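The residues making up each chain are set out below.
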Amino acid sequence: MNTFVPLNELKEKIDLQDYHEVWLTTSERWPQDPETSERMCLWRANRGWTDDVKIDEDFFQNLPRLWVVVDSLNDGAAIQRVEQAVTERTNKLAVPGEFRPEEKHALPCGSEKNTDLRS
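As the structure is a prediction and not an experimental result, all values here were calculated from the model.

Participant: Any details on the overall build of the protein? Residues and values, ideally.
Facilitator: Helix and strand content of the protein: three helices and five strands. Listed by position from the N terminus, the elements making up the protein come as β-α-β-β-α-β-α-β. For the protein, the proportion of its 119 residues judged to be buried stands at 33%. Long-range contacts, defined as pairs at least 24 residues apart, comprise 77% of the intrachain contacts of the protein with a sequence gap of at least 6.

As structure tokens, then:
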């Protein structure tokens, strides 16, 4: 699940407990499109998991992501505002995570076929 939010709505409308990652992007295009090069993972939650269930990388790819739309990924002031807002929310909600984590590569799907499933 992907949720897009403009920069000015980040503080008041978002409960970061509902999201696994916060990404920055320059458009509301489908973020998994290979042409979408203007994106950056800003924050990833550190979730605590129990040992009774085996969790693989496919599971993490299906967790909800919050996409914050900014004018440019080179706009340091805008990125700083997003980081500050995320820091405030995570501290208030006590959600542990890391900023600017390494981007994980998408795992191949069963048939390796490039199928657009959007309706």
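Participant: So what's going on with the sheet that holds strand β3 (residues 39-45)? Which residues, and what values?
Facilitator: Pairing in this open sheet of five strands is mixed, and the strands run β1-β4-β2-β3-β5 from one edge to the other. Strand pairing shows two members of the sheet lacking a second neighbour, β1 (2-6) and β5 (97-99), which therefore form its edges. Going from strand to strand, the sheet's axes swing by 25° on average, the running direction of each strand aside. Both β1 and strand β4 (residues 65-69) contribute to a ladder of five bridges, which runs parallel. Bridge pairing in β4 links proline 6 to valine 69. Those strands touched by helix α3 (residues 76-93) are β2 (21-25), β3, β4 and β5, and its axis lies near 15° from that of β3.

Participant: Provide a residue-level description of the pattern of salt bridges, including the pertinent values.
Facilitator: Using the criterion set out here, one finds three salt bridges in the structure. In this structure, glutamate 21 engages arginine 44 in a salt bridge whose closest nitrogen and oxygen atoms are separated by 2.6 Å. With glutamate 21 in strand β2 and arginine 44 in strand β3, this residue pair connects regions lying 23 residues apart in the sequence. Here glutamate 21 matches arginine 44 in class, with each residue buried. Two residues, glutamate 83 and arginine 100, come together in a salt bridge whose shortest N-O distance is 2.9 Å. One end of the pair, glutamate 83, is in helix α3; the other, arginine 100, is in the segment after β5, and 17 residues separate them in sequence. Residue class for arginine 100 comes out partly exposed when judged on its relative accessible area of 44%.

Participant: Describe the packing of aromatic side chains, with residues and values.
Facilitator: Inspection of the entire model under this criterion finds two aromatic pairs. When the centroid spacing of 5.1 Å and the interplanar angle of 25° are considered together, the rings of tryptophan 23 and tryptophan 67 count as stacked. Separated by 44 residues along the polypeptide, tryptophan 23 in strand β2 and tryptophan 67 in strand β4 bring together distant segments of the chain. Per residue, the accessibility class of tryptophan 23 equals that of tryptophan 67, and both read buried. These aromatic residues form a ring-pair network of at least three members: Phe4, Trp23 and Trp67.

Participant: Quick one: what's the story with unusual backbone geometry, residue by residue and with numbers?
Facilitator: A positive phi is found at alanine 94, a non-glycine position, where the angle reads about 55°. Position of alanine 94 among the secondary structure elements: in the loop between α3 and β5. Accessibility expressed as a relative area gives 64% for alanine 94, which makes it exposed. Notably, arginine 100 is not glycine yet its phi reads approximately 50°, a positive angle.

Reading the values: the criteria
Residues numbered from 1 in each chain as written. Predicted model: local features only at pLDDT ≥ 70, side-chain atom pairs only at ≥ 80, totals over all residues. Heavy atoms only, no water. Helix = DSSP H or I, 4+ residues; strand = E, 2+ residues; numbered from the N terminus. Buried < 20%, exposed > 50% of the residue type's maximum accessible area, 1.4 Å probe, protein only. Contact = heavy atoms within 4.5 Å. Pairing = 2+ DSSP bridges. Axes fitted to C-alpha atoms, helices over the stretch in contact; angles between N-to-C directions. Salt bridge = Lys/Arg side-chain N within 4 Å of Asp/Glu carboxyl O. Phe/Tyr/Trp six-rings, centres within 6.5 Å; stacked < 30°, edge-to-face > 60°.

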